[in-house]
Amino acid sequence: MRPKKLEGSARAAVLALLDGWTEVQGRDAIRKVFEFDDFSRAFAFMTRIALKAEQLDHHPEWSNVYNRVEIVLATHDAGGVTELDAALARFIDGAAKGTPN
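All values derive from a computational prediction rather than experimental measurement.

We now examine the overall build of the chain. Summing up its helical and strand segments, the chain has 3 helices and 4 strands in all. A compact globule built from 101 residues should have a C-alpha radius of gyration of about 13 Å, and the chain, at 13 Å, falls within 12% of that. In terms of its C-alpha atoms, the chain occupies a principal-axis envelope of roughly 40 × 25 × 20 Å. With 101 residues in all, the chain has 39% of them scored as buried. In the chain, of all internal contacts separated by at least 6 residues, the share reaching a separation of at least 24 is 65%. Summed over its atoms, the accessible surface of the chain is roughly 5,800 Å², and 54% of this surface lies on carbon and sulfur atoms.

Structure, rendered in structure tokens:
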């Protein structure tokens with residue numbers, strides 16, 4: 001069963017715990033930009049996320065230009081941000097800290 005869209009105080013509480021993630025203007029999604037020393041480190045970071053995303057069956061929207069990775073998270077079948085997005089965001093933050101920068 002997929003999680004339900006976060007709303008109201010539950011949404012605010014979850015988003016308050018995510019460091020640096022911001023709401024996407026005009027849609028129910030969150031985003032964060034990460035920068036690394038070079039392309040190899042950015043790609044290694046994306047690879048770690050891809051493996052976790054497959055495990056969760058929950059895939060980010062992202063773009064990569066050289067050392068910069070922009071990630072947008074939303075649960076499309078729920079119509080917005082869910083606890084699944086928050087869990088993936090927490091994993092992504094951990095992966096960023098574990099990737100040499």
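The subject of this paragraph is the sheet that holds strand S1 (residues 22-23). With respect to topology, 4 strands assemble into an open sheet ordered S1-S2-S4-S3, the strand pairing being antiparallel. Edge positions in the sheet fall to S1 and strand S3 (61-65), since each of these pairs with one other strand and no more. Both strand S2 (residues 30-35) and strand S4 (residues 68-73) contribute to a ladder of 6 bridges, which runs antiparallel. Note on S4: the bridge partner recorded for Phe34 is Val69.

Our focus in this paragraph is helix H2 (residues 39-56). Compared with an ideal rise of 1.5 Å per residue, which puts 18 residues at 26 Å, H2 spans 26 Å between its outermost C-alpha atoms and is within 8% of the ideal. When we look at burial in H2, the residues that qualify are Ala42, Phe45, Met46, Ile49 and Ala53. The arc that holds every buried residue of H2, seen down its axis, measures 95°, which confines them to one face. Turned more than 90 degrees away from the buried face of H2 sit Ser40, Leu51, Glu54 and Gln55, all of them exposed. Residue Asp57 follows H2 closely and has a positive phi angle near 55°.

By the definition in use, this model includes 8 salt bridges. Among the salt bridges present, the one from Arg27 reaches Glu61, with a minimum N-O distance of 2.8 Å. Here the residue Arg27 occupies a position in the loop between S1 and S2, and Glu61 occupies one in strand S3, the gap between them amounting to 34 residues. Of the residues examined, Arg27 reaches a relative accessible area of 37% and is grouped as partly exposed. Between Glu83 and Arg90 there is a salt bridge whose closest N-O contact spans 2.5 Å. Glu83 gets classed as partly exposed once you look at its relative accessible area, which sits at 34%. Residue Arg90 is classed as partly exposed on the basis of its relative accessible area, which comes to 42%. Each of Lys5, Arg11, Glu23 and Asp28 takes part in salt bridges that share partners, so that together they form one network.

Parameters and conventions
Residues numbered from 1 in each chain as written. Predicted model: local features only at pLDDT ≥ 70, side-chain atom pairs only at ≥ 80, totals over all residues. Heavy atoms only, no water. Helix = DSSP H or I, 4+ residues; strand = E, 2+ residues; numbered from the N terminus. Rg over C-alpha atoms; globule rule 2.2 N^0.38 Å. Buried < 20%, exposed > 50% of the residue type's maximum accessible area, 1.4 Å probe, protein only. Contact = heavy atoms within 4.5 Å. Areas by Shrake-Rupley, 256 points an atom, 1.4 Å probe, with all protein chains shown as cover. Pairing = 2+ DSSP bridges. Expected span 1.5 Å × (residues − 1). Arc of directions from axis to C-beta. Salt bridge = Lys/Arg side-chain N within 4 Å of Asp/Glu carboxyl O.

Keep in mind these numbers describe shape, not what the thing actually does.
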